[in-house]
Amino acid sequence: MGCRADLWLLCVGMWMVKCFMLPFIFFKNIRRSKRLPPPRSKLLYYSATQLADMIRTGQVKSEDVVQAYIDRINEVNPLLNCVMDNRFEAAILDARFVDRVVQSGSRTVQQMATETPFLGVPMSVKESIAVKGMKNSSGQQRLDGKRAQEDAETVRLMRAAGAIPLVVTSTPELCMMIETYNKIIGTSNNPHDLRRTPGGSSGGEASLLSSAGSVIGLGSDIGGSLRIPAAFTGIFAHKPTPGAVPHTGHNPNCGDENWSRFFTIGPMMRYAEDLKPMLKVLANKNADKLLLDERVNIKNIKFYYMEDDGGSPITSAVARDVKAAMQRTVHYLQSVHGATVKKVDIKEMKYANDISGPLILQLNGLSSSQRSVDPESWKAIFRDILKFYTCMSDTTFPPICYSVVKKLSCGMSKSKLKVLKERNSALKKEFYAMLGNDGVFLYPTFIDGAHYHLESYYKILNISYTLIMNALEVPATNCPVGKNKHGMPIGIQIVTAPWQDRLSIAVAIALEAAFGGWIEPPTSDKVV
C-alpha cells in the first residue's frame, strides 16, 4: 500500500496530539463567542454582478460601494483578524476615476459590460497572491516588509476587468495549514463563531467574504485551500481545471513541471452568479475551452455521489449533518429537476491520503526564502525543530512539519512511487470515464463544519476529501448547503471532468436557489 506505514505512524501521532490538546481546547472554548455587528449598508447585500450593473448604469457610485466595504472591513476586522494590508486611499481614488468614466458617457453601458464586467467593484486577495505595492510575505514573519513589485496575472486580469483591490488577507505561513495563523498578525477567526477556525490556507479571504467585508476574492489551492475555508464559512469557491487560470505571482511558487497539474488560483465569492463571469475573466485566453456561455440543463446531467470516502481507517467519520445535507441535495436534484442521481462506491477513495499526499509532496523546487520548505539534511531539520521548541524560531510549526514529512516522502523508493502513480492514473481513468462530458460527482468538502482553533492539528488527515481532487486534476466547486447542529456551515464539493467547469457552476447556482447559498453569520442584534 505504498507509504501506509508512514501514514499509520502519523495517525498514531495525531491521536496522541488529540489526547494532549483536547482538555486545553475544551476549557479554552467554554466562553461564549462574541458576534459581529450587522452590516449597515444595503450595498453589501448585492452580488458583484449586480453591483457592476448598478455602477455602469449610474444607479450607484463606485465610490459609495468601495466606502461601504471599507467601513465594513474596519468594523469586522478587529474581531476576525483577517486583513494583512490595505490600500483604502488608493481604492477610493480608483473608484472616483470609475465614476468619472461612467459620467463622461465616453463608453456605452454595453461596452462597459463587455470590456470591464466588474467595473468599480471592490475585491479582496489572499496575501500570497501579489498585488502591486502590498504585502506579499505569505505569512512569513521575517518577510513582513516584503511588498509585491507587480500584480499577479490573476490580479492584473481582474483589474483590467474593472475590479478594485481593497485588501490582502491572511494566510498561514507559506500556505501550509488548514488553520490560518501566522506570526505577523496571529490567528484569524471564523465569523460564525470566533472560537473556531475559518480554515486555510485561504482562511482570511473566506472569513472576510463571509462577514460581508468583501463580495469577490482570489485564493489558491493545492490540497483544499480554496474549498475548505469556503465550506467552513458558508461561501462559494471554485478550484478551476488545472492550467485554465494562470498562477504566476504566487508566493510560494514551484519550478517543478508538475506544479501546474496540482496547484491553481481560483475565485471565491458570496453569490454563485459571480462564478461564471469571474472565471471567464481569470481564464482569459482559455475561457473558450471552458464553454462557459453554453447553456446547461440540470436534468441532462448525470449525477454520482458518495457520502464518505468508503471507510478509510485514518480519516474521521463524516458527521451525520454532512450526510443529511448530501441526502437533501440528492432529493432536491431528483424531485425538482428530475435528474438521475446514483450513489457509487469508488474503492480507491479510502486510500486518498496514500495516493495523493506523496505525489504532491514529491514536487521539487518549491521556491520561497524559507529554507525549511525544501528537503535538506536531517541535521538542518532538527536544528529548526530545536529553535522552535526553545522559542528562538521565526517560523511556525506547520512548515517545520512539512519539511519532516517531505523528507520522509522523498526517501520513498522509485518502485513504491511508481505504484502510487499507477494507482492515481487508474483512479483518474475511472473518474473521467464515469463523468465524461455530462457528469457531476458530489462529495463532502470536509468531514464536518468548522472546528475549534488548534483542532486542525489532529484533523489534518481529513484534507484527503479535497486533496484527492488535486491529484486527479479535476475542477471542483464548494457549495454551501445548510448548517450543522452547532450552527456552522456545511459545504459539499461539486466535481466534474477537466474543462467541464460550467457544469459544477450551473449546479452551484441551482443549489443556491434551493438552499439559500451564502450563510450569513449571526450578528449582535440577531437570534440564532
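See the structure above.
Scope of this entry: the structure provided in the associated data block. As the structure is a computational prediction, the values presented were derived from the model and not from experiment.

What about the overall build of the protein chain?
Reasoning step 1: A count of helices and strands for the protein chain gives 19 helices and 15 strands.
Reasoning step 2: Taken against the 2.2 N^0.38 rule, which gives 24 Å for 528 residues, the C-alpha radius of gyration of the protein chain at 22 Å falls within 12% of a compact globule.
Reasoning step 3: Reported as C-alpha extents along the three principal axes, the dimensions of the protein chain are approximately 65 × 55 × 50 Å.
Reasoning step 4: Taking all 528 residues of the protein chain together, the buried fraction comes to 60%.
Reasoning step 5: Counting contacts in the protein chain only where the partners sit at least 6 residues apart, residues at least 24 apart contribute 79% of the total.
Reasoning step 6: Accessible area for the protein chain stands at about 20,700 Å²; split by element, carbon and sulfur atoms hold 55% of it.
Reasoning step 7: Side-chain charges in the protein chain split into 63 positive and 49 negative, and the spacing between the mean points of these groups amounts to 4 Å.

As for unusual backbone geometry
Reasoning step 1: Cis rather than trans, the peptide bond between G200 and S201 has omega equal to 10°.
Reasoning step 2: Along the chain, the position of S201 falls in the loop between strand 5 (186-187) and helix 7 (203-210).
Reasoning step 3: Residue P252 is reached from N251 by a cis peptide bond, and omega for that bond is 5°.
Reasoning step 4: Relative to the helices and strands, P252 is located in the loop between strand 7 (236-239) and strand 8 (253-254).
Reasoning step 5: A positive phi angle, close to 70°, is found at A212, a residue other than glycine.
Reasoning step 6: If you trace the backbone, A212 turns up in the loop between helix 7 and strand 6 (216-221).

Comments concerning the packing of helix 3 (residues 62-80) against helix 4 (residues 88-104)
Reasoning step 1: At a minimum axis distance of 8 Å, the contact between helix 3 and helix 4 shows a crossing angle of 160°. The angle between helix 3 and helix 4 places the two elements in the roughly antiparallel class. Regarding helix 3 and helix 4, the two cross each other, and that crossing is right-handed. Mapping the contact onto sequence places S62, E63, V66, Q67, I70, I73 and N74 in helix 3 and F88, A91, I92, A95, R96, V98 and D99 in helix 4.
Reasoning step 2: Its residues placed into classes, the contact of helix 3 with helix 4 shows 8 nonpolar, 3 polar and 3 charged.

A look at the side chain of S207
Reasoning step 1: Position of S207 among the secondary structure elements: in helix 7.
Reasoning step 2: On the basis of relative accessibility, which here comes to 0%, the residue S207 falls in the buried class.
Reasoning step 3: Beyond its immediate sequence surroundings of up to four residues, S207 is in contact with L80, C82, N189, P191, P198 and T233.

Conventions and cut-offs
Residues numbered from 1 in each chain as written. Predicted model: local features only at pLDDT ≥ 70, side-chain atom pairs only at ≥ 80, totals over all residues. Heavy atoms only, no water. Helix = DSSP H or I, 4+ residues; strand = E, 2+ residues; numbered from the N terminus. Rg over C-alpha atoms; globule rule 2.2 N^0.38 Å. Buried < 20%, exposed > 50% of the residue type's maximum accessible area, 1.4 Å probe, protein only. Contact = heavy atoms within 4.5 Å. Areas by Shrake-Rupley, 256 points an atom, 1.4 Å probe, with all protein chains shown as cover. Lys, Arg positive; Asp, Glu negative; His and termini not counted. Charge placed at Lys NZ, Arg CZ, Asp CG, Glu CD. Axes fitted to C-alpha atoms, helices over the stretch in contact; angles between N-to-C directions. Parallel < 35°, antiparallel > 145°, perpendicular 65-115°, else oblique. Left-handed = near helix turned anticlockwise from the far one by under 90°. Nonpolar A, V, L, I, M, F, W, Y, C, P; charged D, E, K, R; others polar.

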